[in-house]
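Tertiary structure, described
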Amino acid sequence: MISPGGINQPRRLLPDQVRDVILDRIHDGTLQVGDKLAPEPELGEEFGVSRATIREAVRSLVESGYLSRVQGSGTYVAFRARLKNTLERNLSYSKMISQAGFSPGRKVLSLQRGPMDEEGAKALGAGVGEEAVSIERVRSADRDPVIYSIDVIPSRYTQETPDKGFEGSLYELLESLGHTVAHGDATLVPVIADYRVAGILEVAPGSALLMIRQVDHTTAGTAVMFSKEWHVPGIFEISLLRRST
(Lines give C-alpha, C1' and ligand atoms only; values in the text may rest on other atoms or scores of the structure.)
Protein backbone atom coordinates (compact mmCIF):
# COMPACT_ATOMS: atom_id res chain seq x y z
CA MET A 1 0.00 0.00 0.00
CA ILE A 2 1.52 3.32 -1.11
CA SER A 3 -1.10 5.93 -0.41
CA PRO A 4 0.83 9.11 0.53
CA GLY A 5 1.12 11.32 -2.54
CA GLY A 6 -1.42 9.25 -4.44
CA ILE A 7 1.15 6.92 -5.98
CA ASN A 8 0.23 3.30 -6.42
CA GLN A 9 1.71 1.67 -9.50
CA PRO A 10 1.79 -2.10 -9.00
CA ARG A 11 4.19 -2.67 -11.90
CA ARG A 12 6.88 -0.60 -10.21
CA LEU A 13 8.99 -1.82 -7.33
CA LEU A 14 7.79 -0.70 -3.91
CA PRO A 15 11.13 0.99 -3.02
CA ASP A 16 10.81 3.07 -6.20
CA GLN A 17 7.29 4.16 -5.27
CA VAL A 18 8.37 5.17 -1.76
CA ARG A 19 11.41 6.94 -3.19
CA ASP A 20 9.23 8.94 -5.58
CA VAL A 21 6.98 10.19 -2.78
CA ILE A 22 9.94 11.28 -0.64
CA LEU A 23 11.54 12.91 -3.69
CA ASP A 24 8.30 14.79 -4.41
CA ARG A 25 8.33 16.12 -0.85
CA ILE A 26 11.90 17.36 -1.33
CA HIS A 27 11.06 19.05 -4.63
CA ASP A 28 7.84 20.69 -3.45
CA GLY A 29 9.49 22.01 -0.29
CA THR A 30 7.63 19.81 2.19
CA LEU A 31 11.06 18.50 3.19
CA GLN A 32 13.69 21.25 3.38
CA VAL A 33 17.47 21.00 3.38
CA GLY A 34 18.51 20.02 6.92
CA ASP A 35 15.18 18.40 7.85
CA LYS A 36 15.45 15.03 9.54
CA LEU A 37 13.70 12.11 7.90
CA ALA A 38 11.27 10.12 10.06
CA PRO A 39 12.65 6.81 11.44
CA GLU A 40 12.27 3.66 9.31
CA PRO A 41 9.52 2.12 11.49
CA GLU A 42 7.47 5.31 11.28
CA LEU A 43 7.90 5.56 7.50
CA GLY A 44 7.10 1.87 7.11
CA GLU A 45 3.84 2.36 8.99
CA GLU A 46 2.98 5.48 6.97
CA PHE A 47 3.52 3.77 3.61
CA GLY A 48 2.33 0.32 4.66
CA VAL A 49 5.56 -1.40 3.60
CA SER A 50 8.41 -3.26 5.29
CA ARG A 51 11.46 -1.63 6.85
CA ALA A 52 13.57 -3.31 4.14
CA THR A 53 11.56 -1.43 1.50
CA ILE A 54 12.05 1.86 3.32
CA ARG A 55 15.75 1.14 3.74
CA GLU A 56 16.18 0.51 0.00
CA ALA A 57 14.28 3.68 -0.94
CA VAL A 58 16.33 5.81 1.47
CA ARG A 59 19.57 4.19 0.31
CA SER A 60 18.90 5.19 -3.31
CA LEU A 61 18.19 8.79 -2.25
CA VAL A 62 21.41 8.88 -0.25
CA GLU A 63 23.34 7.62 -3.27
CA SER A 64 21.66 10.26 -5.45
CA GLY A 65 22.71 13.01 -3.03
CA TYR A 66 19.25 14.00 -1.82
CA LEU A 67 19.66 12.54 1.67
CA SER A 68 22.63 12.21 4.00
CA ARG A 69 23.11 9.78 6.88
CA VAL A 70 24.68 11.09 10.10
CA GLN A 71 26.05 8.30 12.28
CA GLY A 72 24.14 8.06 15.54
CA SER A 73 21.79 10.88 14.60
CA GLY A 74 19.64 9.94 11.62
CA THR A 75 19.02 10.73 7.96
CA TYR A 76 18.70 14.31 6.77
CA VAL A 77 17.76 16.15 3.60
CA ALA A 78 21.13 17.01 2.13
CA PHE A 79 22.45 20.09 0.41
CA ARG A 80 21.91 19.68 -3.32
CA ALA A 81 23.92 20.99 -6.25
CA ARG A 82 22.98 24.40 -7.64
CA LEU A 83 20.54 22.83 -10.11
CA LYS A 84 20.25 19.07 -9.83
CA ASN A 85 18.52 17.15 -12.61
CA THR A 86 17.79 13.49 -12.06
CA LEU A 87 17.02 11.62 -15.27
CA GLU A 88 14.89 9.16 -13.33
CA ARG A 89 11.98 11.60 -13.42
CA ASN A 90 10.59 14.11 -15.88
CA LEU A 91 10.67 17.36 -13.95
CA SER A 92 9.70 20.87 -14.91
CA TYR A 93 12.90 22.84 -15.37
CA SER A 94 11.15 26.05 -14.34
CA LYS A 95 9.97 24.39 -11.13
CA MET A 96 13.41 22.94 -10.44
CA ILE A 97 15.14 26.29 -10.99
CA SER A 98 12.63 28.02 -8.72
CA GLN A 99 13.03 25.41 -5.97
CA ALA A 100 16.80 25.89 -6.12
CA GLY A 101 16.27 29.53 -5.15
CA PHE A 102 16.67 31.16 -8.56
CA SER A 103 14.30 33.09 -10.76
CA PRO A 104 13.34 30.90 -13.74
CA GLY A 105 12.93 32.24 -17.23
CA ARG A 106 11.67 30.66 -20.44
CA LYS A 107 11.69 32.29 -23.87
CA VAL A 108 10.43 30.92 -27.16
CA LEU A 109 13.03 31.78 -29.80
CA SER A 110 11.07 30.41 -32.72
CA LEU A 111 8.06 28.26 -33.58
CA GLN A 112 7.85 26.61 -36.96
CA ARG A 113 5.24 24.38 -38.57
CA GLY A 114 6.33 22.14 -41.40
CA PRO A 115 7.58 18.71 -42.46
CA MET A 116 9.72 16.72 -40.04
CA ASP A 117 13.30 15.94 -40.96
CA GLU A 118 14.70 12.42 -40.99
CA GLU A 119 16.04 12.60 -37.42
CA GLY A 120 12.73 13.66 -35.90
CA ALA A 121 10.69 11.23 -37.99
CA LYS A 122 12.91 8.31 -37.01
CA ALA A 123 12.78 9.21 -33.31
CA LEU A 124 8.99 9.49 -33.34
CA GLY A 125 8.32 6.55 -35.63
CA ALA A 126 6.70 8.91 -38.15
CA GLY A 127 7.06 9.38 -41.86
CA VAL A 128 9.67 11.78 -43.18
CA GLY A 129 7.84 14.92 -44.20
CA GLU A 130 4.94 14.47 -41.76
CA GLU A 131 3.74 17.82 -40.48
CA ALA A 132 5.02 18.83 -37.04
CA VAL A 133 5.48 21.82 -34.76
CA SER A 134 9.06 22.66 -33.80
CA ILE A 135 9.56 24.88 -30.74
CA GLU A 136 12.96 26.44 -30.07
CA ARG A 137 13.40 27.74 -26.51
CA VAL A 138 15.97 28.92 -24.01
CA ARG A 139 15.63 28.61 -20.22
CA SER A 140 17.42 30.81 -17.75
CA ALA A 141 18.23 30.96 -14.04
CA ASP A 142 18.50 34.50 -12.68
CA ARG A 143 18.62 35.66 -16.32
CA ASP A 144 21.62 33.45 -17.11
CA PRO A 145 20.82 31.05 -19.99
CA VAL A 146 21.23 27.44 -18.85
CA ILE A 147 19.37 25.29 -21.41
CA TYR A 148 18.71 25.63 -25.11
CA SER A 149 16.15 23.18 -26.50
CA ILE A 150 14.30 22.15 -29.63
CA ASP A 151 11.05 20.20 -29.17
CA VAL A 152 9.26 18.53 -32.07
CA ILE A 153 5.61 17.44 -31.80
CA PRO A 154 3.65 15.89 -34.69
CA SER A 155 0.87 18.26 -35.71
CA ARG A 156 -1.73 15.50 -35.38
CA TYR A 157 -1.29 15.71 -31.59
CA THR A 158 -1.50 19.48 -31.27
CA GLN A 159 -4.70 19.94 -33.31
CA GLU A 160 -5.42 23.64 -33.88
CA THR A 161 -3.34 24.94 -30.97
CA PRO A 162 -2.32 28.58 -31.67
CA ASP A 163 1.32 29.64 -31.41
CA LYS A 164 0.71 31.22 -28.01
CA GLY A 165 -0.35 27.82 -26.64
CA PHE A 166 3.25 26.59 -26.90
CA GLU A 167 4.71 29.27 -24.62
CA GLY A 168 4.02 27.34 -21.40
CA SER A 169 4.72 23.77 -20.33
CA LEU A 170 4.57 21.41 -23.29
CA TYR A 171 3.75 18.51 -20.96
CA GLU A 172 0.73 20.40 -19.66
CA LEU A 173 -0.31 21.28 -23.20
CA LEU A 174 -0.14 17.66 -24.33
CA GLU A 175 -2.06 16.54 -21.24
CA SER A 176 -4.80 19.08 -21.97
CA LEU A 177 -5.09 17.60 -25.47
CA GLY A 178 -5.45 14.05 -24.12
CA HIS A 179 -1.82 12.94 -24.58
CA THR A 180 -0.45 12.66 -21.04
CA VAL A 181 3.29 11.96 -21.02
CA ALA A 182 4.14 8.96 -18.87
CA HIS A 183 7.87 8.55 -19.46
CA GLY A 184 10.77 9.63 -21.64
CA ASP A 185 13.70 7.71 -23.12
CA ALA A 186 16.79 9.90 -22.78
CA THR A 187 20.31 9.67 -24.18
CA LEU A 188 23.21 11.84 -22.99
CA VAL A 189 25.76 13.00 -25.57
CA PRO A 190 28.81 15.26 -24.98
CA VAL A 191 28.98 17.91 -27.72
CA ILE A 192 30.88 21.05 -28.68
CA ALA A 193 29.02 24.36 -28.93
CA ASP A 194 28.86 25.75 -32.46
CA TYR A 195 28.67 29.50 -32.96
CA ARG A 196 24.88 29.66 -32.91
CA VAL A 197 24.37 27.56 -29.77
CA ALA A 198 27.29 29.32 -28.08
CA GLY A 199 25.65 32.68 -28.75
CA ILE A 200 22.32 31.54 -27.32
CA LEU A 201 23.86 30.08 -24.17
CA GLU A 202 26.45 32.87 -23.83
CA VAL A 203 29.45 30.54 -23.81
CA ALA A 204 32.55 30.52 -25.99
CA PRO A 205 32.32 28.67 -29.32
CA GLY A 206 33.90 25.24 -28.94
CA SER A 207 32.84 24.97 -25.29
CA ALA A 208 31.87 21.52 -24.06
CA LEU A 209 28.14 21.06 -23.55
CA LEU A 210 25.94 18.17 -22.53
CA MET A 211 23.17 17.31 -24.95
CA ILE A 212 20.14 15.25 -23.95
CA ARG A 213 18.11 13.61 -26.70
CA GLN A 214 14.73 12.44 -25.44
CA VAL A 215 11.59 10.85 -26.83
CA ASP A 216 8.50 11.26 -24.62
CA HIS A 217 5.80 8.59 -24.61
CA THR A 218 2.18 8.74 -23.47
CA THR A 219 0.52 6.35 -21.04
CA ALA A 220 -0.54 4.37 -24.14
CA GLY A 221 3.08 4.08 -25.27
CA THR A 222 2.76 6.55 -28.16
CA ALA A 223 5.82 8.69 -28.99
CA VAL A 224 4.51 12.28 -28.94
CA MET A 225 7.56 14.53 -28.61
CA PHE A 226 11.21 14.46 -29.64
CA SER A 227 13.52 16.86 -27.81
CA LYS A 228 17.13 17.96 -27.98
CA GLU A 229 18.53 19.97 -25.08
CA TRP A 230 21.94 21.63 -24.75
CA HIS A 231 22.94 22.10 -21.09
CA VAL A 232 25.64 24.47 -19.86
CA PRO A 233 28.18 22.50 -17.76
CA GLY A 234 28.58 23.59 -14.16
CA ILE A 235 24.99 24.82 -13.97
CA PHE A 236 23.11 21.54 -13.93
CA GLU A 237 24.32 18.42 -12.20
CA ILE A 238 22.89 15.38 -13.98
CA SER A 239 22.32 12.31 -11.82
CA LEU A 240 21.05 8.83 -12.63
CA LEU A 241 20.36 5.93 -10.30
CA ARG A 242 21.90 2.70 -11.64
CA ARG A 243 20.82 -0.65 -10.26
CA SER A 244 22.82 -3.87 -10.19
CA THR A 245 21.38 -6.78 -12.17
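For the structure itself, consult the block above.
These figures come from a predicted structure and were not determined experimentally. (Residues numbered from 1 in each chain as written. Predicted model: local features only at pLDDT ≥ 70, side-chain atom pairs only at ≥ 80, totals over all residues. Heavy atoms only, no water.)

1. Some thoughts on the pattern of salt bridges
Side-chain pairing between opposite charges can occur once the charged atoms of the two side chains come close. Formally: The working definition used for a salt bridge is a side-chain nitrogen of Lys or Arg within 4 Å of a carboxyl oxygen of Asp or Glu. Secondary structure elements follow DSSP: runs of H or I of four or more residues count as helices, runs of E of two or more count as strands, with numbering from the N terminus. Type-normalised accessible area, obtained with a 1.4 Å probe on protein chains alone, sets the label of each residue: buried when under 20%, exposed when over 50%, and partly exposed for intermediate values.
Per the stated rule, a full pass over the model turns up 11 salt bridges. Two residues, R51 and E40, come together in a salt bridge whose shortest N-O distance is 3.6 Å. Of this pair, R51 sits in helix 3 (residues 51-63) while E40 sits in helix 2 (residues 40-47), and the two are 11 residues apart along the sequence. For R51, a relative accessible area of 47% gives the class partly exposed. Overall, the relative accessible area of 22% leaves E40 in the partly exposed class. Between E167 and K164 there is a salt bridge; the shortest N-O distance is 3.6 Å. A single salt-bridge network, built from bridges that share partners, covers E40, R51 and R55.

2. Description of helix 2
Convention followed: When we speak of the arc, we mean the arc of directions from the helix axis to the C-beta atoms.
For helix 2, the complete set of buried residues consists of L43, G44 and F47. Viewed end-on, helix 2 has its buried residues packed into an arc of 100°, placing them on one side of the element. Just downstream of helix 2 lies G48, where phi reads positive at about 70°.

3. What to know about the side chain of T161
Which entries qualify depends on this criterion: We call two N or O atoms a polar contact when they sit within 3.5 Å, provided that within protein one can donate a hydrogen and the other can accept it, with sequence-adjacent residues counted only if both atoms are side-chain atoms. Any two residues whose heavy atoms approach within 4.5 Å at even a single point are treated as in contact.
By secondary structure assignment, the location of T161 is in the loop between helix 6 (155-158) and helix 7 (170-176). You can call T161 buried: its relative accessible area is 11%. At 2.5 Å, the side chain of T161 and the backbone oxygen of T158 are in polar contact. Ignoring anything within four residues of it in the chain, the contact list for T161 reads R113, F166, L173 and L177.

4. So, the nonpolar core
Selection rule: Among the buried residues, those of types Ala, Val, Leu, Ile, Met, Phe, Trp, Tyr and Cys that are joined through side-chain atoms within 4.5 Å form a nonpolar core.
Of all hydrophobic cores here, the largest spans 17 residues; its most connected members are V18, I22, L37, F47, I54 and L67. Of all the secondary structure elements, the ones that give two or more residues to this core are helix 1 (14-27), helix 2 and helix 3. It is helix 1 that contributes the most residues to this core, five residues altogether. In contact with I54, other than residues within four places in its own chain, are V18, E40, L43, G44, F47 and V49.

5. Quick word on the pairing of strand 6 (residues 144-154)
One face of the sheet, then the other: side chains in a regular strand alternate in exactly this way. Quick note on the threshold: Two strands form a pair only when DSSP identifies at least two bridges running between them.
Burial analysis of strand 6 places nine of its 11 residues in the buried class, the great majority of the element. Pairing of strand 5 (residues 131-141) with strand 6 involves 10 bridges; the strand directions are antiparallel. Across the sheet, residue E136 finds its bridge partner in strand 6, namely I150. Linking strand 5 back to strand 6 in an antiparallel pair, the connection comprises two residues, with D142 at a positive phi of about 50°. Strand direction decides the pairing type here: strand 6 and strand 9 (residues 223-231), joined by six bridges, are antiparallel. Bridge pairing in strand 9 places S149 opposite E229.

6. Considering the sheet that holds strand 6
Using the following cut-off: Helix axes are fitted only over the stretch in contact, all axes being lines through C-alpha atoms; the angle between N-to-C directions runs from 0 to 180 degrees.
With antiparallel pairing, six strands are arranged side by side in an open sheet as 4-5-6-9-8-7. Whereas interior strands pair on both sides, the edge strands pair on one side only; in this sheet they are strand 4 (104-115) and strand 7 (181-192). Sheet twist, expressed as the mean angle between neighbouring strand axes with direction ignored, is 15°. As paired elements, strand 4 and strand 5 share 11 bridges and run antiparallel to each other. Counterpart to V108 in the pairing with strand 5 is R137.

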